[in-house]
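Examination of the molecular architecture
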Amino acid sequence: HCLAVRAVCRREIDGDRGNGYSWKITLLRNYWKSKVKQEWLSGKYSNIPSQHSLPEKSMYPMDADTWGEILEAELER
């Protein structure tokens, strides 16, 4: 699980580990974020008609750099 989360949230994982969080806390802090981020990066929500069409768990608190990654992926599609 840790490697799968790190594949999507490398910056976040490395930051948490650098701040001294254990692997368990790091995984708990980033697991759901990695799931949501991967769905956004893969284009799952690229062609939705409105925000009301988004599934309930499609949002998660993310920083500006993460949203920048998602926007760049959208612009490349």
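Report follows, based on the coordinates. Remember, it's a predicted structure, so these values are computed and weren't measured experimentally.

**Some points on the packing of helix α2 (residues 10–18) against helix α3 (residues 23–41)**
Two measures define how a pair of helices packs: the angle their axes make with one another and the distance between the axes. Here α2 crosses α3 at 165°, and the two axes come no closer than 10 Å. Accordingly, the angle class assigned to the pair α2 and α3 is roughly antiparallel. In this structure, α2 meets α3 at a crossing whose hand is right-handed. On α3, the residues touching Arg11, Glu12, Ile13, Asp16 and Arg17 of α2 are Trp23, Thr26, Arg29, Asn30, Lys33 and Lys37. A class-by-class count of the residues in the contact of α2 with α3 yields two nonpolar, two polar and seven charged.

**Thoughts on helix α4 (residues 64–76)**
With 13 residues, α4 extends 18 Å from end C-alpha to end C-alpha; this agrees with the ideal 18 Å at 1.5 Å per step. Within the sequence span of α4, burial applies to Thr66, Ile70 and Ala73. The arc enclosing the buried residues of α4, seen along the axis, measures out at 60°, which places them on a common side. Pointing more than 90 degrees away from the buried face of α4 are the exposed residues Ala64, Leu71, Glu72, Leu75 and Glu76. The elements touched by buried residues of α4 are α2 and α3.

Conventions and cut-offs
Residues numbered from 1 in each chain as written. Predicted model: local features only at pLDDT ≥ 70, side-chain atom pairs only at ≥ 80, totals over all residues. Heavy atoms only, no water. Axes fitted to C-alpha atoms, helices over the stretch in contact; angles between N-to-C directions. Helix = DSSP H or I, 4+ residues; strand = E, 2+ residues; numbered from the N terminus. Parallel < 35°, antiparallel > 145°, perpendicular 65-115°, else oblique. Left-handed = near helix turned anticlockwise from the far one by under 90°. Contact = heavy atoms within 4.5 Å. Nonpolar A, V, L, I, M, F, W, Y, C, P; charged D, E, K, R; others polar. Expected span 1.5 Å × (residues − 1). Buried < 20%, exposed > 50% of the residue type's maximum accessible area, 1.4 Å probe, protein only. Arc of directions from axis to C-beta.

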